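The chain contents come next:
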Amino acid sequence: MIKFLDLKKINEQYETAFQTKLKSVLENSWYILGKEVTAFENNFAFYCGTKHCVGVGNGFDALVLIFKAYIQLGKLQKGDEVIVPANTYIASILAILEADLIPVQVEPKLETYNINPNLILEKITSKTRAILVVHLYGQLAEMDEINVIAHQNNLLVIEDAAQAHGAILVESQKSKVESKKSGNLSNAAAFSFYPGKNLGALGDGGAVTTNDGELAKIIQSLRNYGSETKYQNEYIGVNSRLDELQAAFLNQKLPSLDAENDKRRTIAKRYLAEIKNDKIQLPVWDYSQNHVFHLFVIRTENRDELQQYLLENGIQTMIHYPIPSHKQKAFSNWNNLSFPITERIHNEVLSLPMSPVMTGDEVSFVIEKMNLWI
Ligand SMILES: *Cc1c(COP(=O)(O)O)cnc(C)c1O
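Remember, it's a predicted structure, so these values are computed and weren't measured experimentally. (Residues numbered from 1 in each chain as written. Predicted model: local features only at pLDDT ≥ 70, side-chain atom pairs only at ≥ 80, totals over all residues. Heavy atoms only, no water.)

Draft legend 1. Highlighting the packing of helix 2 (residues 15–28) against helix 8 (residues 244–253). Interaxial distance between helix 2 and helix 8 falls to 10 Å at its minimum, and their mutual angle equals 140°. Here helix 2 is positioned oblique relative to helix 8, judged by the angle of their axes. As for how helix 2 packs across helix 8, the hand of that crossing is right-handed. Side by side, helix 2 and helix 8 meet where Ala17, Phe18, Lys21, Leu22 and Val25 of the first sit next to Glu244, Leu245, Ala248, Phe249, Asn251, Gln252 and Lys253 of the second. A class-by-class count of the residues in the contact of helix 2 with helix 8 yields seven nonpolar, two polar and three charged. (Axes fitted to C-alpha atoms, helices over the stretch in contact; angles between N-to-C directions. Helix = DSSP H or I, 4+ residues; strand = E, 2+ residues; numbered from the N terminus. Parallel < 35°, antiparallel > 145°, perpendicular 65-115°, else oblique. Left-handed = near helix turned anticlockwise from the far one by under 90°. Contact = heavy atoms within 4.5 Å. Nonpolar A, V, L, I, M, F, W, Y, C, P; charged D, E, K, R; others polar.)

Okay, here's the thing in structure tokens:
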């Protein structure tokens, strides 16, 4: 069986190093917001190229705390509208609601699955204050276009970078602008270290990156009951701290992230070059480092049939995602909204096996079976 994602194999590589980390945390006996968390915050800020990183409990909380911190700063208010891609994972939309803001969905491009910048303008109202971009499946959204729209309309831009650790926006050769990584392409970004993400912990974890020192300071406080000095509470905060042990594991894994992303890109290049089947639409990518292939997502009209066929041939696949947010039971008031491209994507997408530990033979086998499907 070719697994969709072999997490055991991924983390086994670090087993000895993880044991050393566990030992050192035990010895230190400082379990909450200790030196591993501080080290990870410094390491990840340096990696992303941002001035600040704040470790939090998970990716969802990272998003919520960004919104709540902007409310504290007076840059957002309850009831403000936030533009968000309609086909994102539901966490992006739930985070907007959790902060008492209003999500306004915009259709993606069918080819890249990312928000269509041309459709943002028509959704902007007098209440719009922010755009939550999502680098879906690991591919950067069209940040240059989006940042221009945001600038012209005085909107904040926030990245949901939960699937795009290490993706790089390479500016054109001519421009003097330096290449920038996800997490450093907007006012503030949210990352998740859920085990299956490109940088995954052995449990929950998340982080906010930003160049805004004031924002970082408020989030640092909000994640810890709104308190900077023990028993003095400046804000109505929550408990959402990055776990010390998870930070230790992440410190161990971060140096390998670029190499692992390269391995994913190598597999993606083979899929793109060698899968030849008229019934299958391959994802569009410009072959730059703007994609870290958290997922390799194809489309076909007979998606469920293809999934069954692959399973019968020992290939495990997944669907990201089977039901769009606006069609979920939880959002019954949105069920009659129509987002045709989003709905088509949810009906047609299938994620092929993709991970840094897949072997060449496994990739060949998936390609062979994809090409034999009729
Ligand atoms: C994983 C994910 C999240 C949420 O991260 P958690 O750590 O599970 O809370 C948010 N947005 C997107 C796009 C994700 O893929």
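Here the narrative resumes, following the displayed structure.
Draft legend 2. Fine view of the nonpolar core. By size, the foremost hydrophobic cluster in this structure holds 35 residues, and its most contacted members are Tyr271, Phe296, Leu306, Leu352 and Met370. Not counting residues up to four positions away in its chain, the partners in contact with tyrosine 271 are Leu282, Phe296, Leu352, Pro353, Met354, Met358, Val363, Val366 and Ile367. (Core = buried A, V, L, I, M, F, W, Y, C linked by side-chain atoms within 4.5 Å. Buried < 20%, exposed > 50% of the residue type's maximum accessible area, 1.4 Å probe, protein only.)

Draft legend 3. Local environment of helix 12 (residues 360–372). The terminal C-alpha atoms of helix 12, which comprises 13 residues, lie 18 Å apart, in line with the 18 Å expected from a rise of 1.5 Å per residue. All of the buried residues along helix 12 are Val363, Val366, Ile367, Lys369 and Met370. One face of helix 12 carries all of its buried residues, which in axial projection span an arc of 170°. Residues of helix 12 that are exposed and point over 90 degrees away from its buried face: Asp361 and Leu372. In the core, the buried residues of helix 12 are packed alongside helix 9 (257–274), strand 10 (296–299), helix 10 (303–312) and strand 11 (349–352). (Expected span 1.5 Å × (residues − 1). Arc of directions from axis to C-beta.)

Draft legend 4. Unusual backbone geometry, seen in detail. Going from histidine 320 to tyrosine 321, the amide bond is cis rather than trans, its omega being 15°. Take tyrosine 321: it is sitting in the loop between helix 10 and helix 11 (340–348). We note that serine 29 has phi near 50°; this positive angle belongs to a residue other than glycine. Turning to its location among the elements, serine 29 is positioned in the loop between helix 2 and helix 3 (35–48). Although it is not a glycine, aspartate 100 adopts a positive phi angle of roughly 60°.

Draft legend 5. A look at the sheet that holds strand 2 (residues 81–85). The strand order across the open sheet built from seven strands is 1-9-8-5-4-2-3, with neighbouring strands paired in mixed fashion. The open sheet terminates on both sides in strands that have one partner only, identified here as strand 1 (52–56) and strand 3 (102–106). Adjacent strand axes in the sheet meet at a mean angle of 25°, parallel and antiparallel pairs treated alike. Both strand 2 and strand 3 contribute to a ladder of five bridges, which runs parallel. When the bridges of strand 3 are listed, proline 85 appears paired with valine 106. (Pairing = 2+ DSSP bridges.)

Draft legend 6. Seen up close, the packing of aromatic side chains. By the definition in use, this model includes 14 aromatic pairs. Ring centres of phenylalanine 18 and phenylalanine 249 lie 4.7 Å apart, and the angle between their planes is 55°; on these two criteria the pair is classed as tilted. Taken as a pair, phenylalanine 18 in helix 2 and phenylalanine 249 in helix 8 lie far apart in primary sequence, 231 residues in all. The residues phenylalanine 18 and phenylalanine 249 share a single accessibility class, namely buried. Ring plane angle 70° and centroid distance 5.1 Å describe the contact between tyrosine 113 and tyrosine 137, whose orientation is recorded as edge-to-face. Taken together, the residues tyrosine 113 in the loop between strand 3 and strand 4 (128–134) and tyrosine 137 in the loop between strand 4 and helix 6 (143–152) connect sequence positions 24 residues apart. Comparing tyrosine 113 with tyrosine 137 shows no difference in burial state: the two are buried. In textbook terms, an aromatic cluster arises when at least three aromatic residues are bridged by ring pairs, as seen for Phe40, Phe44, Tyr47, Phe191 and Phe193. (Phe/Tyr/Trp six-rings, centres within 6.5 Å; stacked < 30°, edge-to-face > 60°.)

Draft legend 7. A look at the site of the ligand. Taken together, Asn58, Gly59, Phe60, Tyr89, Ala91, Val134, Asp160, Ala162, Gln163, Ser192, Tyr194 and Lys197 form the complete shell of residues around the ligand. Measuring from an oxygen atom of the ligand, one finds a backbone N or O atom of phenylalanine 60 at 2.9 Å. Between the ligand and the protein, one listed contact pairs a nitrogen atom with a side-chain N or O atom of aspartate 160 at 2.7 Å. Contact with the protein chains hides 90% of the accessible area of the ligand, taken as 380 Å² for the molecule alone. Considering only residue class, the shell around the ligand consists of six nonpolar, four polar and two charged. (Near = heavy atom within 4 Å. Polar contact = N/O pair within 3.5 Å; in protein donor to acceptor, adjacent residues only side chain to side chain. Areas by Shrake-Rupley, 256 points an atom, 1.4 Å probe, with all protein chains shown as cover.)

Draft legend 8. Expanded view of helix 9. Taking 1.5 Å of rise per residue, the 18 residues of helix 9 would be expected to cover 26 Å, and the 26 Å separating its terminal C-alpha atoms lies within 8% of that figure. Taken together, the buried residues of helix 9 touch helix 3, helix 8, strand 10, strand 11 and helix 12.

Draft legend 9. Structural view of the pattern of salt bridges. Considering all chains together, one arrives at 11 salt bridges under this definition. Residue glutamate 12 is joined to lysine 8 by a salt bridge in which the shortest nitrogen-to-oxygen separation is 3.1 Å. Note that glutamate 12 and lysine 8 are positioned in helix 1 (residues 7–12) at a spacing of four residues, about one turn of the helix. Glutamate 12 gets classed as partly exposed once you look at its relative accessible area, which sits at 41%. Residue glutamate 228 pairs with lysine 217 through a salt bridge whose shortest N-O separation is 3.6 Å. A residue pair is termed long-range when its members are at least 10 positions apart, and glutamate 228 in the loop between helix 7 (213–222) and helix 8 and lysine 217 in helix 7 qualify at 11 residues. Overlapping salt bridges, with partners in common, bring together Arg299, Arg344 and Glu348 in one network. (Salt bridge = Lys/Arg side-chain N within 4 Å of Asp/Glu carboxyl O.)

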